[in-house]
There are 4 protein chains.
Amino acid sequence: MKAVHKSKPAPGAEYGLVDDIVLKPDELLVKVHRASICGSDLPIYNWTAWAPKRFKTPSTFGHEFCGTVEEVGKGTRDFKKGDFISVESHIFCGLCYQCRNGQRHVCHQVKIIGVDCPGGFAEYAAVPARCAWKHKDDTLKDIGSLLEPFGNAVYSVLAEDVSCKSMLVMGCGPQGLFSVAVGKASGADPIVVVEGSKYRAELARKMGATAVVDPDEINSLDHALKAGDVPDGYDVVVEMSGATTAIELALKAVRMGGRVSAFGIPPRRVEIDWANDVIFKGIRVYGIVGRQIFETWYKTDHLLRSGQVDIRPLITHTFPLKDFEKAFATMSSPERKCGKVLLVP
Amino acid sequence: MKAVHKSKPAPGAEYGLVDDIVLKPDELLVKVHRASICGSDLPIYNWTAWAPKRFKTPSTFGHEFCGTVEEVGKGTRDFKKGDFISVESHIFCGLCYQCRNGQRHVCHQVKIIGVDCPGGFAEYAAVPARCAWKHKDDTLKDIGSLLEPFGNAVYSVLAEDVSCKSMLVMGCGPQGLFSVAVGKASGADPIVVVEGSKYRAELARKMGATAVVDPDEINSLDHALKAGDVPDGYDVVVEMSGATTAIELALKAVRMGGRVSAFGIPPRRVEIDWANDVIFKGIRVYGIVGRQIFETWYKTDHLLRSGQVDIRPLITHTFPLKDFEKAFATMSSPERKCGKVLLVP
Amino acid sequence: MKAVHKSKPAPGAEYGLVDDIVLKPDELLVKVHRASICGSDLPIYNWTAWAPKRFKTPSTFGHEFCGTVEEVGKGTRDFKKGDFISVESHIFCGLCYQCRNGQRHVCHQVKIIGVDCPGGFAEYAAVPARCAWKHKDDTLKDIGSLLEPFGNAVYSVLAEDVSCKSMLVMGCGPQGLFSVAVGKASGADPIVVVEGSKYRAELARKMGATAVVDPDEINSLDHALKAGDVPDGYDVVVEMSGATTAIELALKAVRMGGRVSAFGIPPRRVEIDWANDVIFKGIRVYGIVGRQIFETWYKTDHLLRSGQVDIRPLITHTFPLKDFEKAFATMSSPERKCGKVLLVP
Amino acid sequence: MKAVHKSKPAPGAEYGLVDDIVLKPDELLVKVHRASICGSDLPIYNWTAWAPKRFKTPSTFGHEFCGTVEEVGKGTRDFKKGDFISVESHIFCGLCYQCRNGQRHVCHQVKIIGVDCPGGFAEYAAVPARCAWKHKDDTLKDIGSLLEPFGNAVYSVLAEDVSCKSMLVMGCGPQGLFSVAVGKASGADPIVVVEGSKYRAELARKMGATAVVDPDEINSLDHALKAGDVPDGYDVVVEMSGATTAIELALKAVRMGGRVSAFGIPPRRVEIDWANDVIFKGIRVYGIVGRQIFETWYKTDHLLRSGQVDIRPLITHTFPLKDFEKAFATMSSPERKCGKVLLVP
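All values reported here derive from a predicted model rather than from experimental measurement.

*Asks:* Is there a simple way to explain the overall build of chain A in this structure?
*Replies:* Within chain A, the regular secondary structure consists of ten helices and 19 strands. Taken over the C-alpha trace, chain A has a radius of gyration of 20 Å; the compact-globule value for 345 residues is 20 Å, and the two agree within 12%. Across its three principal directions, the C-alpha atoms of chain A cover 60 × 40 × 35 Å. Within chain A, the fraction of its 345 residues that count as buried is 63%.

Next up, the structure:
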């Protein structure tokens, strides 16, 4: 079969033939229908940051994908050839304390598809059956690879109820844009975003943002509070950017007794005014990783299927799988003029 | 009346006559029965750290106290001369969003008795009636000044249920010791503490600690996990020390998906491994300040009155109010050989 | 001053002069701007059911109203002449366990304005300052009497998060209609209602209901499940009708592990299949009375002020206060062809 | 192999040879070490109530048991011959909404071992691997069959936090006695029980009950409130008896805004004062069935292993499996002079 393959520990990847998959008893063989590029695929592609320490070549990457079941492992239940599935990228063990207490997303044995084992930038992929989300019908077929990343935002925003609450979203890459949409559908109001790119600011408004604030302006905290007419701070702040300045701003912009969901990964350690911004404010900070399996998936599916959220406008580019280099170039452009980028095998 | 008085912006204080109190309509005049010294009284006394920026001289300090109502303001309800009360030190407005949404402890207009207005190291004190906790009887009379600080620990520990959960307490000053007792009474197990003072380690064991770990030993994190037989980390970590190294250790010692209550105030900004210790672990961090008014007070009263917790062994020193200098010397000794120190007017 | 007055323990009431109000220190004198009729005003007016046992004549009734502060009691804070307020009808003591633990709506000493003391079907009314909700501006002035009843629905629906949840509303009087609107604004989907009146069914659709089911049809349970495409039952059922058959249907229509909010008051004891419908289904039943003070008020104000909910279409009739008899006739008509009925002093 | 076998649809059972088990790929073959008799085994044995409608003869019953893994199905993970396990009696599908949202105990496809398929009153039993709770060591080996029923009480009591809360337990069969112990270990205080049998009242006191009230005395509600010194009602009421009068008393004895856990199964429909006892009191009623899988199991294991709870005193009788008739006679005696009754194959 053909795949986007990283044959050696260096920048770049190749499109070509790789060995066929030998299916394990608990796996499904999936014919990939759509894959999408995650921000975390860039270090693997460019061989930067954490990637050389964790990714073992040769292998195939890509963890946002969907497809049709071609073959079911002998030990699986509930799936059959032809089922259309989206893939939960975190392979959880199902047996540890976290897995048996509603926290599979932080399983102690977790492996990530496309990072710790071959992924979905390929014609076919093997997926443990317990990581498969079976679709009822074809309604979401063309956006099936987006349930995984959209789920990050669903979990980040809905870690607590947002109905009747003011919300600030830090950063409007795809995750921030998704967050705006989830907040909008769930009754958050106002929803203000902090984003420097005008292109993305425009997308944020389309998804339902009340106002957009430029993080590089002087007194951006004041601007953020004024934009939402919340002089005492936001009920909820969703940090999707990973910028260290944004993390600090998030803690300052939340109201006394409010909630911060921290999703964006900063590139280094972060210095925090723990006394004034965490303790004296009496806030709650939630570290958000992945999405709750499968609590979040039900919400994700519900929001998209019902039409309460339409994420199709955020798919700004689609490329054939073999043109993956163009896709990565689009994702890496300094103007950040893209939403989600899709690959079609 | 006589009081411990700070007449000028400098270290120290004097015991002597001060002006009598003129009671406001919403206040109670309290004849102080017992007062206790909080760690946060030390900067005021020594005129260090935040104190010069906030405390306005001349005034009287002390915010942990109890006493008998001598006179009731004309606008008050529900109190009469002779009632015995403990005092909530946070004067909340009662009218802001936080006050009307179960978060009076982070009221936007909050003033602290003994900091922003005259306090309880005196024969008499004025207290807004809404900050008074009326005792049913004399059961807790001799420890009435301790409900306020004990409440900090009650809120810190019980911010979420601890039944059947493993708990690590960072630092065993009075707040850490209280936390051990609260955890023990509420079903936490094991309860391990991190504390360098042997004197305090001994007190911790008396309050119910399973084991004590020295923070200065090499590999203190490993020791902490072994001491509780929790290789994957603690369900709950209660940070009562304020040491920056302890805050970092707290985040590392909590299990994936666990909870950290942050109460101890660090002296400066804190550098955190936000990505690995907050986000990827999927933890919850609660900033804890004061105690929930009056949710925590009911629990505090319940634990002490029922005998589920006995904090009397932690009262290691009692002085007449006029000997306040000895009391502060005891609190400030480098060996930290004291629990709570009481003053009797 | 003039008021709708019940001078004797019998059906009916009179419009005429009554004694002027003597204001207590903790009260506000309110010039009534709008009042609205609650379903629970009918028994008082008609002198049926519980009314003869509880309502003491002579007095004035009406508990849904708003108006302008004319005079402030000497013991009050935070209000001044000219403030526009809506009224929380439950006079809570503020000092009992419930009041100090976020449950003022079930205060042990509760008295209801317009039931246990004179109410708002009058030119002026006295209201304890602690029961006043001060408006920021005039945005909600014409619907100011509706915050109180709308709050019932807000509390009923949002007793738990409804985002991404299916919801069934039993009965579409004003409370059911409000509930549809609250669910819609907070992300519930689908929202199906059970209501026999075609007039009200039409209003329900206007408020956002997905479908309407007639409770008198054979197999109404099956119809209800089909209408929402939820063969296994609804995540949330909001019982606003008080009909004993509806209460039973509510318990049967909720899914295994789902939630029922019970607000509608049945006229007599109710027989329940406790084993099959409560225990074996593992459901949660919440008794809902009044609204959380002031948690619900903030949500109520938010939903209306932001425009997320527009309840003006539900005001179907407005009468001068002196024409109260026409207003009650409208409310009592067997065709139930009305939404909320307003009175203007 | 030998088993207690119900060969025909009639009262009684026989001890004798039955067909050997043919293991399915997802099952474990368990050599039964201990089994215990549940109250719900009595209708099966006596062929009364619901049993004839649901239990299909010929089959073997018994759903509380533990044992050693003899053989592992080919499709299983994480188990090996020699592992000691306790058994979750509810076979959940693992794939429905409830199973994937933390509510496996109310799985839509649930089957109960020993009811819907052969059970544990036998030398060997087949158990789906996903229903096995693997023990770390032999600490709980002799009480391994009791984790399942003890878990009912753990879930009933800890459905919400009980620290610092007053608790009333209705009925002190084994489930009521377990509930007392769980409440005690988790900080509930006082813990009052309602039980008519003096024998069981004595056991309740041993488990930590503060007081025992006879339900047959006049004014038992008053007695219950006085016994706990809670004139306004209990924070938590745990209904373990299933008596219709007890269910009504439970609703009346809980405080305004309190919580009722309903576990005991009444023999028929129950008439309730829905208006006064549910709605106007603003209470929460939780239907409790089984136990949360595996959230409750972790708590169950923790309480027993740590020694916070000792349930061994409640094992009042132990019989060889072949003497099952004596065991059932003990359980059925009108004096109810027994706690848990164990069978040893």
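Moving on from the coordinates now.
*Asks:* Can you walk me through unusual backbone geometry in this structure?
*Replies:* Most peptide bonds are trans, and most residues other than glycine sit at a negative phi. Cis geometry is adopted by the peptide bond preceding Phe294 of chain A, which originates at Ile293 of chain A and carries an omega value of 5°. Along the chain, Asp189 of chain D connects to Pro190 of chain D via a cis peptide bond; the corresponding omega equals -10°. Unlike most non-glycine residues, Asp78 of chain C shows phi in positive territory, near 75°. Located in the positive-phi region is Asn219 of chain C, a residue other than glycine, with phi close to 60°. Mapped onto the secondary structure, Asn219 of chain C falls in the loop between β13 (211–213) and α6 (220–227).

*Asks:* Can you walk me through the relation of the copies chain D and chain C in this structure?
*Replies:* For the pair of chain copies, the relating operation is a rotation around an axis with a shift along it. After a rotation of 180° and a shift along the axis of 0.0 Å, chain D superposes on chain C with an RMSD of 0.0 Å. These values place the two chain copies in the arrangement generated by a two-fold rotation axis. Rotation axis and chain D: the residue whose C-alpha lies nearest the axis is Glu271 of chain D, separated from it by 2.1 Å. A shared interface surface links the copies, since 100% of the contact residues of chain D are contact residues in chain C too.

*Asks:* I keep staring at the interface of chain B and chain A and nothing clicks. Help me out?
*Replies:* A common way to state how big an interface is: give the accessible area lost once the parts meet. Taken together, the contacts link 37 residues of chain B with 38 residues of chain A. Of all residues in chain B, the largest losses of buried area upon contact with chain A belong to Arg269, Trp274 and Ile279 of chain B, amounting jointly to 22% of the total for that side. Our enumeration of links across chain B and chain A arrives at four salt bridges. Between the two partners, chain B and chain A, sit 15 residue pairs in polar contact (both at pLDDT 80 or more).

*Asks:* Sorry if this is basic, but what is going on with the pattern of salt bridges here?
*Replies:* Two side chains bearing opposite charge may form a pair once their charged atoms approach each other closely. In this structure the tally under the stated criterion is 84 salt bridges over all chains. Glu160 of chain B serves as the salt-bridge partner of Arg284 of chain B, at 2.6 Å between the closest nitrogen and oxygen. Here Glu160 of chain B lies in the loop between α3 (147–157) and β11 (167–170) and Arg284 of chain B lies in strand β17 (residues 284–287), a separation of 124 residues in the sequence. The exposure class of Glu160 of chain B is buried, given its relative accessible area of 18%. The salt bridge involving Glu248 of chain D is made with Lys252 of chain D; its shortest N-O contact spans 3.9 Å. On the criterion of helical spacing, the pair formed by Glu248 of chain D and Lys252 of chain D is a turn pair, its members being four residues apart in helix α7 (residues 244–253). Overlapping salt bridges bring together Glu248, Lys252, Glu271 and Asp277 of chain A together with Arg269 of chain B as one network.

*Asks:* Before we go on, may I ask you to explain the domain arrangement of chain A in this structure?
*Replies:* Residue and element names in this part refer to chain A. Taken domain by domain, chain A holds domain 1 (2–150 + 292–344) and domain 2 (160–287). Taken together, both faces of the contact between domain 1 and domain 2 bury some 1300 Å²; the carbon and sulfur share is 71%. Contact with domain 2 buries surface across domain 1, with Phe150, Leu314 and Arg336 losing the most and accounting together for 39% of the total. Where domain 1 packs against domain 2, one counts zero salt bridges. Counting the contacts that link domain 1 with domain 2 gives two residue pairs in polar contact (both at pLDDT 80 or more). Across the side of domain 1 that touches domain 2, the residue classes break down as eight nonpolar, three polar and five charged.

*Asks:* Could you clarify how one ought to interpret the relation of the copies chain B and chain A in this entry?
*Replies:* Note on the identical chains: chain B maps onto chain A by a rotation of 180° and an axial translation of 0.0 Å, with an RMSD of 0.0 Å. Most of the interface of chain B is mirrored in chain A, where 100% of its interface residues are also at the interface.

*Asks:* It is not clear to me how the interface of chain D and chain C should be interpreted in this structure. Could you clarify?
*Replies:* The interface is formed by 38 residues belonging to chain D together with 38 residues belonging to chain C. Both sides together, the interface formed by chain D and chain C hides about 3500 Å², and carbon and sulfur atoms give 62% of it. Sorting the residues of chain D by area buried against chain C places Arg269, Trp274 and Ile279 of chain D first, and these three jointly supply 22% of that buried surface. In this structure, the connection of chain D to chain C is made through 15 residue pairs in polar contact (both at pLDDT 80 or more). Among the secondary structure elements, those contributing two or more residues to the side of chain D that touches chain C are α7, β15 (254–262), β16 (270–272), α8 (274–279) and β17 (284–287) of chain D. Looking at the side of chain D that touches chain C residue by residue, the class counts come to 22 nonpolar, seven polar and nine charged. Here three bridges tie strand β17 (residues 284–287) of chain C to β17 of chain D, and the two strands are oriented antiparallel to one another. From the neighbouring strand, Tyr286 of chain C faces β17 of chain D, where its bridge partner is Arg284 of chain D.

*Asks:* Would you explain the sheet that holds strand β4 (residues 59–60) of chain B in this entry?
*Replies:* Residue and element names in this part refer to chain B. Overall, antiparallel pairing links the three strands, which are arranged β2-β1-β4 in an open sheet. Sheet topology places β2 (14–17) and β4 at the edges, where each strand pairs with a single neighbour. Examined bridge by bridge, strand β1 (residues 2–6) and β4 share two bridges and lie antiparallel to one another. Note that in β4 the partner of Lys6 across the bridge is Ser59.

*Asks:* Just to check I follow, could you spell out the pairing of strand β12 (residues 191–194) of chain D for this structure?
*Replies:* When a strand is regular, its side chains alternate between the sheet's two faces. Residues and elements named next belong to chain D. Here β12 shows no split at all, with Ile191 and Val193 on one side and Val192 and Val194 on the other all buried. One ladder, built from four bridges, connects strand β11 (residues 167–170) with β12; its direction is parallel. Bridge pairing in β12 links Leu168 to Val192. The handedness of the β11 to β12 crossover, carried by helix α4 (residues 174–185), is right-handed.

*Asks:* Explanation requested: the sheet that holds strand β4 (residues 59–60) of chain C in the structure shown.
*Replies:* Across a sheet, strands are paired by hydrogen bonds formed along the backbone, either parallel or antiparallel in direction. Here we have three strands laid out as an open sheet, ordered β2-β1-β4 (chain C), and antiparallel in their pairing. Looking at which strands have only one partner, the edges of the open sheet turn out to be β2 (14–17) and β4 of chain C.

*Asks:* Can you walk me through the packing of aromatic side chains in this structure?
*Replies:* Two numbers describe a pair of aromatic rings. These are the distance of the centres and the angle of the planes. Evaluation of the coordinates by the stated rule reveals 54 aromatic pairs over all chains. Ring geometry for Phe121 of chain B and Phe328 of chain B: centres 6.3 Å apart, planes at 80°, overall edge-to-face. Placement of Phe121 of chain B in the loop between β8 (111–112) and β9 (124–128) and of Phe328 of chain B in helix α10 (residues 324–332) is noted, with a sequence separation of 207 residues between them. With respect to class, Phe121 of chain B is no different from Phe328 of chain B; both count as buried. Clustering of aromatic rings is evident, with ring pairs tying together Tyr45, Trp47, Phe55, Phe61, Phe121, Phe324 and Phe328 of chain A. Sitting above the plane of the Phe79 of chain A ring, Lys134 of chain A keeps its charged end 5.2 Å from the centroid.

How each quantity is defined
- Residues numbered from 1 in each chain as written.
- Chains lettered and ligands numbered in written order.
- Predicted model: local features only at pLDDT ≥ 70, side-chain atom pairs only at ≥ 80, totals over all residues.
- Heavy atoms only, no water.
- Helix = DSSP H or I, 4+ residues; strand = E, 2+ residues; numbered from the N terminus.
- Rg over C-alpha atoms; globule rule 2.2 N^0.38 Å.
- Buried < 20%, exposed > 50% of the residue type's maximum accessible area, 1.4 Å probe, protein only.
- Least-squares fit on C-alpha atoms with pLDDT ≥ 70 in both.
- Contact = heavy atoms within 4.5 Å.
- Buried area = accessible area lost by both parts, 1.4 Å probe.
- Salt bridge = Lys/Arg side-chain N within 4 Å of Asp/Glu carboxyl O.
- Polar contact = N/O pair within 3.5 Å; in protein donor to acceptor, adjacent residues only side chain to side chain.
- Domains from an automatic or database assignment.
- Nonpolar A, V, L, I, M, F, W, Y, C, P; charged D, E, K, R; others polar.
- Pairing = 2+ DSSP bridges.
- Right-handed = clockwise from strand over helix to strand, strands pointing away.
- Phe/Tyr/Trp six-rings, centres within 6.5 Å; stacked < 30°, edge-to-face > 60°.
- Lys NZ or Arg CZ within 6 Å of the ring centre and 35° of its normal.

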